[in-house]
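# Summary of the model geometry
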Amino acid sequence: MNVPDIRVEKGHADPEEVAAITAILLARAAARPSEAPAHRGRAKAGWRRLEREGGFRAPHSWR
């Protein structure tokens, strides 16, 4: 069974081009990530629970 590890979906890649992209992908996969920041994202959830909201919102309000 001769199944390639990388397949070109569109266009024609020379063996040297496939080797270059393979080297880049392997180097990126082997690189150690830098230290993660202490705080990522939001402190508060981006969604809200409707049962905890007030009963009325003005039709012209954004929130």
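Residues numbered from 1 in each chain as written. Predicted model: local features only at pLDDT ≥ 70, side-chain atom pairs only at ≥ 80, totals over all residues. Heavy atoms only, no water.

## Notes on the overall build of the chain
Assigned secondary structure in the chain consists of 1 helix and 0 strands. A total of 63 residues make up the chain; the buried ones form 0% of that total. (Helix = DSSP H or I, 4+ residues; strand = E, 2+ residues; numbered from the N terminus. Buried < 20%, exposed > 50% of the residue type's maximum accessible area, 1.4 Å probe, protein only.)

## Considering the pattern of salt bridges
Going through the model one piece at a time under the given rule, you end up with 1 salt bridge. For E9, the salt bridge is made with R7, and the minimal N-O distance between the two is 2.5 Å. For R7, a relative accessible area of 63% translates into the label exposed. (Salt bridge = Lys/Arg side-chain N within 4 Å of Asp/Glu carboxyl O.)

## Describing the environment of T22
In this fold, T22 is placed in helix α1 (residues 15-30). T22 sits 17 residues away from D5 along the chain, and the two C-alpha atoms are 9.6 Å apart.

## Structural notes on α1
Between its first and last C-alpha, α1 extends 22 Å over 16 residues, near the 22 Å set by a 1.5 Å rise per residue. Taking burial as the measure, the 16 residues of α1 include 0 buried ones, a minor fraction of the element. (Expected span 1.5 Å × (residues − 1).)

## Quick look at a nonpolar patch on the surface
Nonpolar side chains collect at one region of the surface, where I6, I21, I24 and L25 lie side by side and expose about 360 Å² of accessible area between them. Structurally, the position occupied by L25 is in helix α1. (Patch = residues over 30% accessible without salt bridge, like charges linked within 9 Å, V, L, I, M, F, W, Y side chains within 5 Å. Areas by Shrake-Rupley, 256 points an atom, 1.4 Å probe, with all protein chains shown as cover.)

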